[in-house]
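Architecture and fold: a report
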Amino acid sequence: MSNIVIIGTQWGDEGKGKIVDHLAEFADIVVRFQGGNNAGHTMVISGRKFISHLVPSGILQGKQCYLGNGMVIDPAVLIEETEKLDKNGIDVSPEKLKISEKAHIIMPYHKMIDKAREEINGDKKIGTTGRGIGPCYEDKATRRGIRFIDLIDPDVFKEKVNAIIDEKNFYLKSFLKSETTDLRQMMDEYTGYAKRLAPHAVNLSVAMRQAIDAGKKILFEGAQGTHLDIDHGTYPYVTSSNTVAGNACNGAGVGPRDIHGVVGIVKAYTTRVGAGPFPTELFDEIGNRIQEKGAEFGATTGRRRRCGWLDTVLLRNAGRLNSPTGHVITKLDVLGGLEFLKICTHYEFQGKNIDEVPASLTALAQCKPVYETFPGWPEEISHIRKYKDLPKNTKNYLKRIEELTNVPIQMISVGSGREETIVIKNPFK
Ligand code: IMP
């Protein structure tokens, strides 16, 4: 398969970063197509940990990387990341790392609005990452956003900022009771960012067409997860972009026929960070144990992730929405040592079993997970590299996931290291 999309099937943090890193070896190009620095994954460079929020991890393998038009980009964060990578000898030159001219730029007022809104919403807050993601997409939708191409044209940039700044400051001060944006400081800072980043600008759709015509293999990297999708997720407890596979086309400027495979990343249990419904959430010792063993803390905000049993109602929903050609199971090692495991097969709602995630949050709150229980496995599995060598109970757990989702498992991650991976079928081959 030439071009594949990688997406998360749950609420994000499925471990996509490691799998993208692994599969980037077989691709020529890696493109991120949505989201911004609300995402985060850990890369290890010469034994040192580095958390990337914007730059695709394919950069470590010298792959051509693109930040797609579907993204929202905080230029300060991008510059900081590229400087760190550069210091570590990674090529982040404008030839290697390109930014779509049509990507939207996160401005200081977006971040201020995001944080101030969360504050005034009190216990009704979404639990956003506070990075200005929602307010930036909001301006994109109302046609008042600043695109990368606008940022790097000083006259256009000035005109666009002048047209909006009074309204933003009025809203910040009078409604949100927040500090306002210092116009001069912002202009100075962003003019500097524009100069630094201008050489990276690209017409992404043209670049994609040329690459496809030249027979290059492209990996489209999604951020967050299917149930954080603005249309299909547990709205309003979602992010502000489309996280499903179809958005790889929009967010990178290619047509559906240019996508040949979709890999859904499935964490072996479920986690969620921030507020919102979570039917299989565990509030007991087992939940704490998974949280600790899985080091379930957000890579962006450091928040403790909520943990629960694997929910195949979510996975089948993700199947309908993304049409995955294969699944990758991650963090399977974290479940080792538990006496028993549960998989949610259905929800019970008003006395009936249902197989969908209700759109109404009131209905979803009433859904009770229906479980099947499996014996656990005491064995360590991180050293295992072949499916056949996994303990019998681990294989039973995996087999049941395949049956309940009707999607073949192509890879299994049994530890955080790149080599701690079992490949059943390489999605690119
Ligand atoms: P926002 O994307 O910062 O607006 O946050 C909206 C919701 O999405 C919050 O519940 C966040 O915790 C969640 N979220 C955003 N990005 C990620 C991610 O990369 N992983 C997991 N959750 C995320």
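Quick caveat, the model's predicted, so the values are computed rather than measured. (Residues numbered from 1 in each chain as written. Predicted model: local features only at pLDDT ≥ 70, side-chain atom pairs only at ≥ 80, totals over all residues. Heavy atoms only, no water.)

Here we come to the site of the ligand. D13, N38, T129, T239 and R303 are the nearest of the 15 residues found near the ligand. In the model, an oxygen atom of the ligand is placed 3.3 Å from a nitrogen or oxygen of the G127 main chain. Take T239: an N or O atom from its side chain is 2.6 Å from an oxygen atom of the ligand. Among the residues forming the shell around the ligand, the class breakdown is six nonpolar, seven polar and two charged. (Near = heavy atom within 4 Å. Polar contact = N/O pair within 3.5 Å; in protein donor to acceptor, adjacent residues only side chain to side chain. Nonpolar A, V, L, I, M, F, W, Y, C, P; charged D, E, K, R; others polar.)

In this section: the side chain of T243. Following the sequence through the fold, T243 ends up in the loop between β10 (218-221) and α9 (247-252). Only 2.7 Å separates the side chain of T243 from the backbone oxygen of G225, close enough to count as a polar contact. Not counting the four nearest positions on each side in its chain, T243 is found in contact with I7, Q34, A223, Q224, G225, T226, L228 and D229. (Helix = DSSP H or I, 4+ residues; strand = E, 2+ residues; numbered from the N terminus. Contact = heavy atoms within 4.5 Å.)

Counting residues in hydrophobic clusters, the biggest one holds 52 residues, and the most contacted among them are I73, L78 and M107. Top element by residues in this core is helix α7 (residues 183-197). It accounts for six residues. With sequence-adjacent residues up to four places away left out, M107 is seen in contact with I146, F157, V161, M186 and Y190. Within the second largest apolar cluster, 30 residues are counted, among which are L332, F374, L398 and I401. (Core = buried A, V, L, I, M, F, W, Y, C linked by side-chain atoms within 4.5 Å. Buried < 20%, exposed > 50% of the residue type's maximum accessible area, 1.4 Å probe, protein only.)

Quick look at the sheet that holds strand β11 (residues 261-267) now. On the basis of which strands lie adjacent, the open sheet formed by 10 strands has the order β9-β7-β5-β2-β10-β1-β11-β15-β19-β20 and mixed pairing. Looking at the sheet topology across the chains shown, the edges are occupied by β9 (201-202) and β20 (421-423). Judged from the four bridges that link them, strand β2 (residues 29-32) and strand β5 (residues 64-67) form a sheet pairing that is parallel. Residue pairing in the sheet places I29 in a bridge with Q64 of β5. (Pairing = 2+ DSSP bridges.)

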